[in-house]
Amino acid sequence: MIVKEVLSEELLTLSEVKGMLHEIMEERLNNEEELGYELRKAINHAEMFSKTTPEKARDLVNKLLELEKMKPEIAIRIADIMPQSRDELRSLYAKERFTLTEEELDEMLNLVEEAMD
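Note that this is a predicted model, so its numbers are computed, not measured.

Conventions we followed
- Residues numbered from 1 in each chain as written.
- Predicted model: local features only at pLDDT ≥ 70, side-chain atom pairs only at ≥ 80, totals over all residues.
- Heavy atoms only, no water.
- Axes fitted to C-alpha atoms, helices over the stretch in contact; angles between N-to-C directions.
- Helix = DSSP H or I, 4+ residues; strand = E, 2+ residues; numbered from the N terminus.
- Parallel < 35°, antiparallel > 145°, perpendicular 65-115°, else oblique.
- Left-handed = near helix turned anticlockwise from the far one by under 90°.
- Contact = heavy atoms within 4.5 Å.
- Nonpolar A, V, L, I, M, F, W, Y, C, P; charged D, E, K, R; others polar.

Asker: Teacher, can you tell me more about the packing of helix α3 (residues 54–65) against helix α6 (residues 102–116) here?
Answerer: The axes of two packed helices give the description: the angle between them and the distance between them. Following both chains from N to C, one finds α3 and α6 inclined at 160°, their axes separated by 10 Å at the closest point. The angle between α3 and α6 falls in the class roughly antiparallel. Seen from above, α3 lies across α6 with right-handed handedness. Of the residues in α6, those touching α3 at Lys56, Leu60, Lys63 and Leu64 are Met108, Leu111, Val112, Glu114 and Ala115. A breakdown of the residues in the contact of α3 with α6 according to their chemical character gives 6 nonpolar, no polar and 3 charged.

Asker: What is the right way to look at the packing of helix α1 (residues 14–30) against helix α2 (residues 37–49) in this model?
Answerer: At their nearest, the axes of α1 and α2 sit 9 Å apart, and the two run at 140° to each other. Compared by their axis directions, α1 and α2 come out oblique. In the packing of α1 onto α2, the handedness of the crossing is left-handed. Facing Leu14, Lys18, Leu21, His22, Ile24, Met25 and Arg28 of α1, the residues of α2 in contact are Leu39, Ala42, Ile43, His45, Ala46, Glu47 and Phe49. A class-by-class count of the residues in the contact of α1 with α2 yields 9 nonpolar, 2 polar and 3 charged.

Quick look at the structure:
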């Protein structure tokens, strides 16, 4: 399949992608269509690595975006990975030109913990 042009682009968490893939899968199964190899692999990957519901993931991203020093790409990565320690969070900021204080890291970890419940 050749893509002629991109109409829109949106950053999604893995949990949101999982929800979309499940909708596609249900639609195809209802129409008695075969699930392609790539679709099956994508669904399997999303099942294996998503750690929360799409709603909780988007809520976490929105809360993270309210923080200072937060970029949308990093907020999405945090929602996908759900880091459990300061070191894991620091690794997500490794390429950035600034460092985070202990308080900022703790605030992010608290938001992640809330989303995991």
